[in-house]
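Per-entry structural report
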Amino acid sequence: MKPGAMDKASQGSESRHALLQVTGMTCSNCSFAVERAMKQLKCVERCQVDLINGKALVQYRPSLHHGQFTAADLCAEVESIGFDASVLQDLRSCQMRSARAVLNLRAKGQGEVSRELRCMEGILDVTEDCGELEINYDPYSCRARKIVSDLRSLGFEVELVEALKPKGEAVPPGLATAVVLTVAVVVFSDVLPCFKPMEKILHKHIVPGLPCVTVILGVLATPVQLFCGSRFHWGAYHAISSGVWDMNVLISLGTALCFTYSFMVTFCMIVASHLGVECKAPPPSYFETPCFVITTILVGKYLEAWARGGASEALQELLALRPRMAHFMADGSYEVEDLPAQLLQIGDTLQVFPGEQVPADGLMTSNCGFAEFDESLLTGESRPVRKKKGDVIIGGSKCLTGRTEMQVEKLGSETMLSQIMSLVETAQLNRAPVQRVADSVARVFVPSIVALSFLTWMTWYLLVYTWEVVPLSSILDGRKSSWPELDKAFFVLEHGLNVLLIACPCALGLATPTAVMAATGVAAKCGILVRSGAEPLELGSRVKAVVLDKTGTLTVGRPSAVSAAAVCPWALEDHGWQQLLSTFRQHAAMAASRKLVLDVELPTVWLTPDEDGSRSR
């Protein structure tokens, strides 16, 4: 067999790791549906779904599938169950183990940029979004500046851009329309009837038994039910098709039945008027109920997305520790030029000045004494760490004193800061024991609620029709009825609808993963790494006592003067004290460059001796 054929065969038999962006997941049942759909494929070996961040990590082996199989086929499988999916990353197992750095740029020119990039040695993956390219490459076998120069030599205009930020959850489609129409429903149903002239107009019957306000509410509720709530109806269809019933089933079923009930009441009144049957006291309609339910849930989705964005801010702040620019020194030259941190390469020599953050991991090469660095992002210790020639300097740490020269040794995923972020993101995928219990309950929750709703309807049907325990007079509650049997049917249906409309398993499935994400992110920001996910957080609630081995973990590293007193045994002259205070302030100014705060603007208590030797203030 030829070597090229052997390479292709080995690539086909080797497993791959695909990172998918999945949108539309609303609860733990949704993530379970995606995970189950992936595991049903023969070529998928492992799948982990992150509900909060909307991502799925899939390990698959294309050789186990008949014919060609790619990450795009995984996305197609996810879309077949009602969710939108796109490929963020698709790497071979050997590429996952290798170092990865990211270069973000925009290239214009003749030809396909992605194809040219994939032909270059060391390029692991290329992702394109809105004309911007995210290039994953091996920094040990490929160099960032060479990638840019090669693209320019091929005739492309290359421009560096900022890293592609994760897209936040947009405003749910139809939210604005639902809010406006629901407010209008409230105005027509609850506000305007308070004014007598408007009350007469709104309660004027268009046909016998059909007031004008009912028609207005029906017109306003129709777009909310059909357009604004369409995402729930489609979600319910896909959920029922896939066999994993989620909250969309409850929302769609409850609002659709309630809207249909109200529509049938209105329709019956119109038909009755054409048949010559008068119905002066029809059953009440509930057009406002679907509006309230759909709008409330859409607003909740928006607030939920906003909360998820706030929970992930801690990880974004970790990324912000890396500076965008670096002071680059060319080989054999003492001239320094500012270079984007994305274009750094292994072996580059950089200068770091006091007050600046280190752009990458490397070794200190300066011969001029020592320099101090703040590495509290790793150790939690605010005390500066002294470095000398040959010592390791961690990217993201801050230089406090001394101009430093360093040589870049690690980039991308090999840096300490990237490994911290990878550790935190992996921990967020793990589920706490209580979350696994909640997920198990959520999977049977929706079918149980539907069954309970049917049981409620059946119970009231027997009470009203079979056993006649509830008389018609109690149902009408003092009003007259032209169609008593219709009143009974609508009365029984109302109770089954109530069960559907008030039940929603969202909080059950979302509470734990949201808390885990917020906790692990904030802990990483404070220098605490949760390696095994949510389980230590759950066990932490049972901790009775904490023993710390050093005092540094309990301090913030910013000393301040809490009080001041001067003992002057000779006179009230304050020249000596002012000189001491001036020296203290000079030290505070010098310490300010090291981010230490010394508070010296405090009231001073003067202690002076009286003639009899006692002290007075």
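Structure's up top.
Structural notes, computed from the coordinates. In this text, all values refer to a predicted model and were calculated from it rather than measured experimentally. (Residues numbered from 1 in each chain as written. Predicted model: local features only at pLDDT ≥ 70, side-chain atom pairs only at ≥ 80, totals over all residues. Heavy atoms only, no water.)

As a further point, take the pattern of salt bridges. All chains considered together, the criterion is met by eleven salt bridges. Among the ionic pairs, Lys-39 bridges to Glu-35, the shortest N-O distance being 2.9 Å. Placement of the pair is Lys-39 and Glu-35 together in helix H2 (residues 28-39), with a separation of four residues, close to one helical turn. Residue Glu-375 is joined to Lys-387 by a salt bridge in which the shortest nitrogen-to-oxygen separation is 3.0 Å. Of this pair, Glu-375 sits in the loop between strand S15 (371-374) and helix H14 (376-379) while Lys-387 is found in strand S16 (residues 385-387), placing the two residues twelve residues apart along the sequence. Accessibility assignment for this pair places Glu-375 and Lys-387 in one class, buried. Salt bridges sharing partners connect three or more residues here, namely Arg-106, Glu-132 and Glu-159. (Salt bridge = Lys/Arg side-chain N within 4 Å of Asp/Glu carboxyl O. Helix = DSSP H or I, 4+ residues; strand = E, 2+ residues; numbered from the N terminus. Buried < 20%, exposed > 50% of the residue type's maximum accessible area, 1.4 Å probe, protein only.)

Even without being glycine, Glu-468 reaches a positive phi, approximately 55°. Inspection of the secondary structure assignment puts Glu-468 in the loop between helix H16 (433-466) and helix H17 (472-476).

With that settled, consider the sheet that holds S15. The three strands are arranged S16-S15-S18 in an open sheet whose pairing can be described as antiparallel. Taken across any chain shown, the strands that pair with only one partner, and hence form the sheet edges, are S16 and strand S18 (398-401). Averaged over neighbouring strand pairs, the angle between their axes works out to 40° when direction is ignored. As judged from the three bridges shared by S15 and S16, these two strands associate in the antiparallel manner. Bridge pairing in S16 places Ala-371 opposite Lys-387. (Pairing = 2+ DSSP bridges. Axes fitted to C-alpha atoms, helices over the stretch in contact; angles between N-to-C directions.)

With that settled, the discussion passes to the sheet that holds strand S5 (residues 101-108). One open sheet accounts for four strands, arranged S6-S7-S5-S8; its pairing is antiparallel. Sheet topology places strand S6 (123-129) and strand S8 (157-160) at the edges, where each strand pairs with a single neighbour. The mean inter-strand angle of the sheet, taken between neighbouring strand axes irrespective of direction, is 30°. Bridge count between S6 and strand S7 (residues 132-137): six bridges; the pairing is antiparallel. Along S7, the bridge assignment pairs Asp-129 with Glu-132. Along the sheet face, helix H6 (residues 144-153) touches S5, S6, S7 and S8 and points at about 15° away from the line of S5. (Contact = heavy atoms within 4.5 Å.)

Below, the discussion takes up helix H10 (residues 230-242). For H10, spanning 13 residues, the distance from its first C-alpha to its last is 18 Å, which sits close to the expected 18 Å at 1.5 Å a residue. Listing the buried residues of H10 in full gives Phe-232, Gly-235, Ala-236, His-238, Ala-239 and Ser-242. Immediately beyond the C-terminal end of H10, within one or two residues, lies Gly-243, with a positive phi of roughly 85°. (Expected span 1.5 Å × (residues − 1).)

Quick look at the state of the cysteines now. In total, this model carries zero disulfides according to the counting rule given. This cysteine, Cys-291, is not joined by any disulfide, and Cys-228 carries the nearest cysteine sulfur, 8.6 Å off. (Disulfide = S-S within 2.5 Å.)

Two elements in contact, H10 and helix H11 (residues 247-274), have axes whose closest approach is 8 Å; the angle formed by their N-to-C orientations is 120°. By the angle between their axes, H10 is oblique relative to H11. Classified by chirality, the crossing of H11 by H10 is left-handed. Judged by residue contacts, Phe-232, His-233, Gly-235, Ala-236, Ala-239 and Ile-240 of H10 engage Asn-248, Val-249, Ile-251, Ser-252 and Thr-255 from H11. Looking at the contact of H10 with H11, its residues break down into six nonpolar, five polar and no charged. (Parallel < 35°, antiparallel > 145°, perpendicular 65-115°, else oblique. Left-handed = near helix turned anticlockwise from the far one by under 90°. Nonpolar A, V, L, I, M, F, W, Y, C, P; charged D, E, K, R; others polar.)

Function cannot be inferred from these measures alone, as they are strictly geometric.
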